[in-house]
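These are the residues of each chain, in order.
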Number of protein chains: 2
Amino acid sequence: MSNKPQGKPTKTAIRFTREADFPAWYQEVIKEADMAENSGVRGCMVIKPWGFGIWENLQRRLDQRIKETGHQNCYFPLFIPLELIEKEAAHVEGFAKEMAVVTHHRLVAKDGKLVPDGKLDSPLVVRPTSETMIGESFAKWIRSYRDLPVLINQWANVVRWEMRPRLFLRTSEFLWQEGHTAHADEQEARAETATMLEEYRALAEDWLAVPVIAGEKSASERFPGAVETHTIEAMMQDGKALQSGTSHYLGQNFAHAADIKFQDKDGGESFCHTTSWGVSTRMIGAIIMTHGDDDGLRVPPTIAPHQIVILPIARDEEAAARVLPAADELAAKLNNTVAFGNVVRAHVDKREVNAGEKRWSWIKKGAPIIVELGPRDLDQGTVMVTHRTDIGGKAPQQMDDFVTNIREQLESIQATLFQQAKAYRDARVRTDIQDFEAFKAYFKTDDVNTSGFVRAYWDESAESEASLKELAVTIRCLPYDQPTAPGVCVITGNPATKHAIFAKAY
Amino acid sequence: MSNKPQGKPTKTAIRFTREADFPAWYQEVIKEADMAENSGVRGCMVIKPWGFGIWENLQRRLDQRIKETGHQNCYFPLFIPLELIEKEAAHVEGFAKEMAVVTHHRLVAKDGKLVPDGKLDSPLVVRPTSETMIGESFAKWIRSYRDLPVLINQWANVVRWEMRPRLFLRTSEFLWQEGHTAHADEQEARAETATMLEEYRALAEDWLAVPVIAGEKSASERFPGAVETHTIEAMMQDGKALQSGTSHYLGQNFAHAADIKFQDKDGGESFCHTTSWGVSTRMIGAIIMTHGDDDGLRVPPTIAPHQIVILPIARDEEAAARVLPAADELAAKLNNTVAFGNVVRAHVDKREVNAGEKRWSWIKKGAPIIVELGPRDLDQGTVMVTHRTDIGGKAPQQMDDFVTNIREQLESIQATLFQQAKAYRDARVRTDIQDFEAFKAYFKTDDVNTSGFVRAYWDESAESEASLKELAVTIRCLPYDQPTAPGVCVITGNPATKHAIFAKAY
C-alpha cells in the first residue's frame, strides 16, 4: 500500500492495517478520527463534527463553483406523491425500488403505545432523487425560449433503503447536491453535462486531491432514463473503483414524462433537453480510502476543519500561563493569513488530555499540520512542527518563519497527497492485459497489494459486458482520452475502437 | 399601514393592499417576488431562487455566529424510531401528534400500480425536531466532565403535518437549524440559553432589520419538557405577533429521559443540564410581513440575493453594444467593494423584457437598489438610481460617486428599514390599557390599521391566562425589561409585579 511503513511490521495507530483487513481498517479510521457513527436507525448515520466539517468545506467550494457557472439554489419537497413516481416509471411491471414510504400523518396513543394514525389517501415517497418533483416545477415555470435555460441546484438529504449499509459509502439517508437544468436544444444541454462533469473532476483532483478518471458510462450503467451518463471514477487503496460524481444528459426523456415544453423563437412548441448531476457524502468515503494510512485519516488541507492544530505543552500552571496565551496568539496570526483562497483555520487544543494521547488523536484525525509549543520553544522562538504526510519528520521551525510560510506548507501537503494518490493509482492501472484469460486471472486474485483497474479495448457489446458479471467486475467508464488506433476487445477478441476501464467497485 | 402612500388610493404593484386584505397581500407578494410556491404535496413548498437566496444569506450569518460562539455542526438522521418518541412522551395516553410516519421501505408494481411493500418491523417517524435522536448520541458521547460542554448544531429539514398550511409560516416540511447542548451545571446551561437568545435577537434586529421583543414564555407556552422557554417576538404589519426564534433551558428533564450523565470531578455521577434552540424558514415570513409594502417585498440589503440590480437600457443593437459592457463593468466595480462584512452583490439583468416591466419586477422582488443605465447616462457619466425604500425618489448620481458611496447607501437603506419597522411596532404597542374591558374591546376590533400588542401587568396565574383563549389572544412573553414598581393585572385586577406582552399571533 502507498504510504505504509516499509520493512518489518510496525505498530500502527489504527488497529487493523489496510493490508490485513481493508474494510475493518476503513471502519476503524472513521471511528478513531471521530467522523461518524451508526445511529439507532438502521442504515442512517450520525455525522460528527470532524466528518461534517470536511463535508462543509467540500460543500462551500462546490457551491461556489455551482454559482459561478450560473446556477441558483432552490429547495424542493422531501416527499414525492406516488403518482409521480408511477408516471416516471415507464414500465411499471417489474419495478421494485427500495424507498421509504410514508403512509400516515399522525401518531396516537393506544393501550400505552404509540401507533400510526391518519392514513394518507395516497402514500408519499421520501425522495430518492428529485427529477420527478423538479420536473413538475419546470413544466410550470417554462413557457417560452426566453425562460431558458433554467439552471438550478439543491443541497438536500435523500433516502434509498440499504440492506447492507456502510458509513458514507452506502447509507439509507445521505446528503448530496442535485443539479437540474432545462435547455432549448441538445447542444446546450450536452455542453452543460460536460461542464458539470469537469467541475466534479476539478473538485475531486484540485480540491480533494483525489485523482479520477473521467469518462462516459456504458449503456447498462447509465442512470435510468438518461441518454448519456458521465462519471468520475476514483481508485481506492484496495484497488476498487468508487464512482465519485455523475452528470447525466437526459435528452427529452424526462421532458416528455413531465411535459416540460416551451414556445420557441418561431412560435412552435418544443420539448426541453434536460440534465441532472450530483455529488454526495459518499465522497467522504473516497477521501478516507484515497488518503488514509495505517495511522488514520489524512485530510487534504483544502477541506480540513482545522488545518493546523496547536498543542500547548505545559507541565504546571506557571508554564500554562506562558504557553496558552502564546498558543492563542500564534493561532490568531495564522488565522490572519490566507491559503487556497480562504482564511487559514488554526485551532488550539486546550483539552485536559496527556500530550502523547493528544498528538495521536490529531494524527488519527489527519490534521495536516500539528504544532507543539512548550516553554522551551517560547524561549527559543521556535515551534515543533509535524506534517501529517511525514509524521516521523517532526522538526523545529522558527515561529516567524512558520507563520510566513504557512501557505506554502499547506500547499506542499496538498500536492504531496495528490502526487502520492496519483502515483498509487497510475501504478495500479494495468494496460498490459490483452486477453480474457489474463483478465480473469487478474481479477480473481483479489490481492489488496496488486489489484486495481484494467484499461483495455472493449467491443461495446452488451453481451461482452454481461460476461463480466460472474467476475464481479464492471465497466467503470469509457475514458475521454482514447487511443487513435483500433484494437481487439479484451473480452471477446472482436475488433474494438475504444478503451474501457474495468474494475471491481464499491 | 407604514410606508403606504397617503391620500387617495393609488394603483399599487401588488393586487391586494395590506389594508384591504392582509393574508391575500402576503400570498401575492410571495408570488410576485417569485420567492416560493406550493408543490403537489399538500403543505410542502418549493422555495425558489429569490426566496432561497434570502435564506442562504440569513443562514450564512447565523452559522458564522453559531460557530463563533463555540458550536460545531453535525448531522443526525431524518428518521426517529417510534420507541424513542414513546420514551420521551412521558404521558403516552392522550398523546396525538401530527408527524409523518414511514411504515414501508419498498415500492413494488402490482396490477400496473405501485404499492408499498417491505413493511418495517417498527414504524419510523420523520423528525419533527431532534431532541430524542441527539439525546441518544449525547448519552453515548458523554462520559466525564472533561467531555463537557457538548455544543452542537444542525441545519436540517423537519416535518410537522399541517392541516392549514401557509407558505413559510406554516408548512409541513420546513428548514431550520436546531442547536443542542449539554452542560455540567445549571448555571452554564442557563447562560447558554441566554447567549443563543441574544444571538437570535441580534440576527433579527441587526441583520434582518426586524425589531423584536425578547423575553420568557409563560408556563403554558413553553416547549414541552422545557424548564424555561425564551423567545423573540416580532410584530407583523397586521399587528399580529410572530414568534421568530426560541431558546429552551431543558433542565435535567431530557437528560433523565435519554440517560445523559457524566462522572463529575469528585467521581460522582450527575445528569447533564441541556438546552435547545432554533430558527426556521418561518423567519422569511417575518421579513415579508415586516418590510413588505403595497408594491411588494423590500429585502434588507444584508440578505438580498442581489443588493444592486443594474438594468441596461438600449433601444437598438448599437446602444446595446455600448451599454451592456458598461453595465458589466459597473457590476464588477461594485462587486469589488465590501458592505456588511461581505463582498457586495450586484447583478446585471440582461433579460429580453421591456424596461418598465423589468424595473417593476425588481421593485416587487424588493432589490434594495435599482440602477438604470442608458446611452445618455454613459455620455454624462451618470447612473439613474432608485432606492427600494423610496421608489418615487429616482435620481441621477455620478457613476464614480455611486460606486464610492455604495456601502453608505446600502447601510442607509438597512437603517431605514429597521427604523420604519421599529416606529411602526412601537406605535402599536399599547401600554395604556389598564382593565379587562378595555383589553377585550381592543382585541375585538381586529382593525388592521390599529391592532397590535398590549403591554400590561399580569398576575402570572394560569387561570387569568386561560381567560384569554376566547379572545384568541396569547401571552407572547414576559419581556426582559420589566417595571420596577408593582401594579395590577390587566385581566384580574389582582396585584402583579410583571409586565407581559399580549397579542394575537401567527
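Just so we're clear, the structure is a prediction, and the values are computed from it rather than from any experiment.

(A) Representation of the packing of helix α2 (residues 49-68) of chain A against helix α5 (residues 186-207) of chain A in the model. Residues and elements named next belong to chain A. One way to put it is that α2 packs onto α5 with a least axis distance of 11 Å and a crossing angle of 145°. Where α2 crosses over α5, the two elements pack in a sense that is right-handed. Facing α2, whose interface residues are N57, L58, R61, L62, R65 and I66, α5 presents M196, E199, Y200, L203 and W207. Taken together, the residues of the contact of α2 with α5 sort by class into 7 nonpolar, 1 polar and 3 charged.

(B) Quick peek at the state of the cysteines. Considering all chains together, one arrives at 0 disulfides over all chains under this definition. Unpaired in terms of disulfides, C489 of chain B finds its nearest cysteine sulfur in C477 of chain B, a separation of 16 Å.

(C) The relation of the copies chain A and chain B, seen in detail. Between chain A and chain B, the superposition needs a rotation of 180° and an axial shift of 0.0 Å, giving an RMSD of 0.0 Å. What the superposition gives is, in effect, a two-fold axis relating one chain to the other. Closest approach to the rotation axis within chain A is made by the C-alpha atom of V102 of chain A, at a distance of 2.1 Å. Most of the interface of chain A is mirrored in chain B, where 100% of its interface residues are also at the interface.

(D) Fine view of the sheet that holds strand β28 (residues 498-503) of chain A. All names here are of chain A. Reading across from one edge, β3-β8-β9-β15-β12-β11-β10-β25-β28-β24-β23 is the order of the 11 strands in this open sheet, with mixed pairing throughout. Among the strands making up the open sheet, the edge pair consists of β3 (72-73) and β23 (429-430). Here strand β8 (residues 150-159) runs beside strand β9 (residues 173-183); their pairing, made up of 10 bridges, is antiparallel. Following the sheet pairing, N157 is matched in β9 by L175. α2 contacts β3, β8, β9 and β15 (273-280) of the sheet and is inclined by roughly 160° relative to β8.

(E) The interface of chain A and chain B, seen in detail. On the chain B side, the residues contacting the 69 residues of chain A number 69 residues. Between chain A and chain B, the buried area comes to about 5800 Å², and carbon and sulfur atoms account for 62% of it. Of all residues in chain A, Y75, L107 and L114 of chain A give up the largest surface area on contact with chain B, accounting jointly for 12% of the area buried on that side. For the pair chain A and chain B, the number of links is 10 salt bridges. In this structure, K67 of chain B engages E56 of chain A in a salt bridge whose closest nitrogen and oxygen atoms are separated by 3.0 Å. Taken together, chain A and chain B are joined by 34 residue pairs in polar contact (both at pLDDT 80 or more). At 9 residues, strand β6 (residues 101-110) of chain A tops the list of elements feeding residues into the side of chain A that touches chain B. Bridge count between strand β5 (residues 96-97) of chain A and strand β6 (residues 101-110) of chain B: 2 bridges; the pairing is antiparallel. Looking at β6 of chain B, one finds that A96 of chain A is bridged to V108 of chain B.

(F) Spatial organisation of helix α4 (residues 131-141) of chain A. Summarising burial for α4 of chain A: 9 of the 11 residues are buried, a large majority. Here α4 of chain A has its buried residues at E131, T132, M133, I134, G135, S137, F138, A139 and W141 of chain A.

(G) Broad picture of the domain arrangement of chain A. The domains assigned to chain A are domain 1 (22-77 + 137-291), domain 2 (79-126), domain 3 (308-424) and domain 4 (430-503). Put simply, the middle of domain 2 of chain A and the middle of domain 4 of chain A, counted by C-alpha atoms, are 42 Å apart.

(H) Layout of the sheet that holds strand β25 (residues 474-479) of chain B. Residue and element names in this part refer to chain B. Across the sheet, 11 strands lie side by side as β3-β8-β9-β15-β12-β11-β10-β25-β28-β24-β23; this open sheet has mixed pairing. Strands at the two margins of the open sheet, each flanked by one partner only, are β3 (72-73) and β23 (429-430). Packing against the sheet, helix α7 (residues 282-291) makes contact with β11 (228-235), β12 (241-249) and β15 (273-280), and its axis sits at approximately 145° to β12.

Reading the values: the criteria
For every chain, the first residue of the written sequence is number 1, and numbering continues from 1 onward in sequence order. A letter from A marks each chain and a number from 1 marks each ligand, given out in the order of writing. pLDDT decides what is reported in this predicted model: residues at 70 or higher carry local features, side-chain atom pairs at 80 or more are listed and counted, and totals for whole chains, interfaces and linings draw on all residues regardless. With hydrogens and water stripped out, all remaining heavy atoms of the structure feed into the side-chain values. To define axes, lines are fitted to C-alpha atoms, for helices over the stretch in contact only, and angles between the resulting N-to-C directions are given on a 0 to 180 degree scale. Working definition: helices are DSSP H or I runs of at least four residues, strands are E runs of at least two. Numbering for both runs from the N terminus. What makes a crossing left-handed is the near helix being turned counterclockwise from the far one by less than a right angle; a clockwise turn instead makes it right-handed. The criterion used for residue contact is that any of the two residues' heavy atoms lie within 4.5 Å. Only Asp, Glu, Lys and Arg are considered charged, only Ala, Val, Leu, Ile, Met, Phe, Trp, Tyr, Cys and Pro nonpolar, and every remaining residue, Gly among them, polar. The disulfide definition used here is simple: a pair of cysteine sulfur atoms within 2.5 Å. We superpose the copies by least squares over the C-alpha atoms of residues that have a pLDDT of at least 70 in both of them. In this description, strands pair whenever DSSP reports at least two bridges between them. The term buried area means the drop in 1.4 Å probe accessible area that two parts suffer when joined, counted for both and summed. Throughout this description, the term salt bridge denotes a Lys or Arg side-chain nitrogen within 4 Å of a carboxyl oxygen of Asp or Glu. In protein, a polar contact means a hydrogen-donor-capable atom and an acceptor-capable atom, both N or O and within 3.5 Å, with residues adjacent in sequence counting only if both atoms are side-chain atoms; elsewhere, any N or O pair within 3.5 Å suffices. A simple rule labels every residue: compare its accessible area, found with a 1.4 Å probe on the protein chains alone, to the largest value its type can have, and call it buried under 20%, exposed over 50%, or partly exposed in between. Domain delimitation in this document rests on an assignment produced automatically or drawn from a domain database.

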